[in-house]
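Listed here are the chains, written in short residue letters.
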Amino acid sequence: MKALAWQGDHLLILNQTRLPFEEQYRAAYTYTEVAEAIKNMEIRGAPAIGAAAAYGFALGALNYEGEVEGLTEHMDKVRTVLAATRPTAVNLFWALRKMEDKYRELQKQDLVQIREALVAEAEQIAEDDRRMNKLIGKFGNELVPENARILTHCNTGTLATVEYGTALGIIRAAHEAGKKIHVYVGETRPFLQGARLTTWELLQEGIPHTLITDSMAGYLMQQGKIDMVIVGADRIAANGDTANKIGTYSLAVLAAAHEIPFYVAAPTSTIDLKIAGGEDIPVEERDGKEVRMFMGVKVVPDEVQVYNPAFDITPAKYIAGIITEKGIISPPYSVNLVRMLVK
Ligand code: MRU
């Protein structure tokens, strides 16, 4: 089970819109197919989007049929198309920047060498993600008590990354360490990443879990059934404000009201020091039909007006710690994020 796999001349993408009942793969031979798969959410989750875009960039060079003199113009177009897919997860722009920097280093080389080096750079980005997730799991596991009942939101597992996961990676690490944990999974309307994807991963791993609708979280906390909340992130601003899947902010406020620690897990590639605070993070708004429908079935008439922001912003003050591959960052984030990044 992997979200994506490089196959030498194409990227194999597990179509996450069809899970959990159908395992359908898309073989993307062109950068436009990769861009389409990111936009349609066949592949989603900040680190997976970043890695897919890196392979998409490499495919852009592989697809090119003109003279080497025209390659830079073509690669600019490739970058623009991939960057226009989804606005919130900064990992997309981080990965494209790395690919672009590599490309600029290679400009004196011939097309064959450029292609090889870009594929190798994308492979490196993917490999780094695997490695970082394992470290996030290791550091995060230190925070998980024996018998912990953990609430998580959206999908932050293997499907959302190259492998292992961030918040779900910590849950995996705690389970692998033999802790008798229980995971409460918020279903994550409207796209149902929690219900369709996280439970699918937890079932395969044999990690005990219970699915709840998003509106049940407060009641569970009030009943004393949650010991900690761990979520992922799509972009963390310099002051620690964090964009993550819609519904995350509500969980953070509820956790604060019930004095339950609320943690964010993400690789440092999700930290965007160019953004001072959460109000400047671009939040994607998606098609209203995702809200009007439930698993492809229309639940309200088309004329009902809906609002469908895909992410929300959790203010830093609600976050007990940010778990990265470099270690756990504690408040005050405006000081400690920079300190950790230069480490
Ligand atoms: O819209 P999605 O499914 O791409 O949103 C995913 C999330 O919000 C995740 O929590 C985040 O990307 C971290 S994934 C390790």
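Keep in mind it's a predicted model, so treat the numbers as computed, not measured.

## Here's the deal with the domain arrangement of the chain
In terms of domains, the chain is made up of domain 1 (4–134) and domain 2 (139–341). Measuring from the centre of the C-alpha atoms in domain 1 to the corresponding centre in domain 2 gives 25 Å. Surface buried jointly by domain 1 and domain 2 totals about 2,800 Å² across both partners, of which 59% is contributed by carbon and sulfur atoms. Taken together, domain 1 and domain 2 are joined by 2 salt bridges.

## Some points on the sheet that holds strand 1 (residues 4–6)
Pairing in this open sheet of 3 strands is antiparallel, and the strands run 1-2-3 from one edge to the other. In this open sheet, the two edge strands, each paired with only one partner strand, are strand 1 and strand 3 (25–28). When strand polarity is set aside, the average angle formed by the axes of neighbouring strands in this sheet is 20 degrees. This element, helix 2 (residues 46–63), spans strand 1, strand 2 (11–14) and strand 3 of the sheet and lies at about 30 degrees to strand 1.

## Some details on the pattern of salt bridges
Charged atoms that come close allow side chains of opposite charge to pair. In total, this model carries 20 salt bridges according to the counting rule given. Glu163 serves as the salt-bridge partner of Lys2, at 4.0 Å between the closest nitrogen and oxygen. Here Lys2 is found in the segment before strand 1, whereas its partner Glu163 is found in the loop between strand 4 (149–152) and helix 6 (167–176), with 161 residues between them in sequence. Among the residues examined, Lys2 registers a relative accessible area of 36% and is labelled partly exposed. Residue Glu163 is classed as partly exposed on the basis of its relative accessible area, which comes to 30%.

## As for the site of the ligand
Every one of the 18 residues lining the ligand counts as a neighbour, but Arg44, Arg86, Asp234, Asn244 and Lys245 are closest to it. A distance of 2.8 Å is found between an oxygen atom of the ligand and a side-chain nitrogen or oxygen belonging to Arg86. A distance of 2.7 Å separates an oxygen atom of the ligand from a polar atom in the side chain of Lys245. Across the complex, the protein chains shield 100% of the 420 Å² of accessible surface that the ligand would expose by itself. A majority-of-atoms criterion places the ligand in the largest cavity. Broken down by secondary-structure element, the contributors of at least two residues to the shell around the ligand are helix 2 and strand 9 (242–245). Along the lines of polarity and charge, the residues of the shell around the ligand split into 7 nonpolar, 7 polar and 4 charged. Counting the residues that make up the shell around the ligand, at least three belong to each of domain 1 (4–134) and domain 2 (139–341).

## Focus: the layout of surface pockets
Estimates place the volume of the largest pocket at around 500 Å³. Thr17, Phe191, Lys289, Glu290 and Gly296 are the residues nearest the centre of the largest pocket, which is lined by 18 residues in total. Of the residues contributing to the lining of the largest pocket, the split by class is 8 nonpolar, 3 polar and 7 charged. Counted as a void, the second largest pocket has a volume near 300 Å³. Lining the second largest pocket are 14 residues, with Val90, Phe93, Trp94, Asp272 and Lys274 positioned closest to its centre.

## Observations regarding the packing of aromatic side chains
By the definition in use, this model includes 2 aromatic pairs. Where Trp6 meets Tyr55, the ring centres are 5.2 Å apart and the plane angle is 5 degrees; that geometry is what we call stacked. A residue pair is termed long-range when its members are at least 10 positions apart, and Trp6 in strand 1 and Tyr55 in helix 2 qualify at 49 residues. Considered together, Trp6 and Tyr55 belong to a single accessibility category, that of buried residues. The interplanar angle of 55 degrees and the centroid separation of 6.5 Å between the aromatic rings of Tyr249 and Tyr318 together place this pair among those described as tilted.

Conventions we followed
- What you see as residue numbers is a count from 1 along each chain, following the sequence as written.
- Where totals are concerned, whole chains, interfaces and linings use all residues; where local detail is concerned, this predicted model gives features only for residues with pLDDT of at least 70, and gives and counts side-chain atom pairs only at 80 or more.
- Side-chain metrics in this entry use all non-hydrogen atoms of the structure; hydrogen atoms and water are not considered.
- Source of the domain bounds: an automatic or database domain assignment.
- Put simply, buried area is the surface a 1.4 Å probe can reach on two separate parts but cannot reach once they are joined, added for both.
- The term salt bridge refers to a pairing of a side-chain nitrogen on Lys or Arg with a carboxyl oxygen on Asp or Glu at a separation within 4 Å.
- Only strands joined by at least two bridges in the DSSP assignment are considered to pair.
- The way it works is that DSSP assigns letters per residue, a run of H or I at least four long becomes a helix, a run of E at least two long becomes a strand, and they are numbered from the N terminus.
- Angles run from 0 to 180 degrees between N-to-C directions of axes, and those axes are lines fitted to C-alpha atoms, restricted for helices to the stretch in contact.
- What makes two residues a contact is simply this: any of their non-hydrogen atoms within 4.5 Å.
- For each residue, the accessible area found with a 1.4 Å probe, counting protein chains only, is set against the maximum for its type, and the residue is called buried under 20%, exposed over 50%, and partly exposed in between.
- Throughout, near means a residue has at least one heavy atom within 4 Å of the molecule or strand.
- Polar contact is defined as a pair of N or O atoms within 3.5 Å, subject to the rule that within protein one atom must be able to donate a hydrogen and the other to accept it, and that residues adjacent in sequence are counted only when both atoms are side-chain atoms.
- Here the accessible surface of atoms and residues is derived via Shrake-Rupley with a 1.4 Å probe, and residues count as covered only by protein chains that are part of the display.
- Cavities and pockets are found on a 1 Å grid laid over the protein atoms alone: a cavity is a set of points where a 1.4 Å probe fits but cannot escape, a pocket is an open set with protein on both sides within 12 Å along at least five of seven lines, and a lining residue has an atom within 4 Å of such a point.
- More than half of a molecule's atoms within 2 Å of the grid points is what it takes for that molecule to sit in a cavity or pocket.
- For this scheme, ten residues count as nonpolar: Ala, Val, Leu, Ile, Met, Phe, Trp, Tyr, Cys and Pro. Four count as charged, namely Asp, Glu, Lys and Arg, and the remainder, Gly too, count as polar.
- Grid points are joined across faces, edges and corners, and a volume is the space filled by probe spheres set on the points.
- Each pair of aromatic rings taken from Phe, Tyr and Trp, with Trp reduced to its six-membered ring, is defined by centres within 6.5 Å and is described as stacked if the planes are under 30 degrees apart, edge-to-face if over 60, and tilted in the remaining cases.

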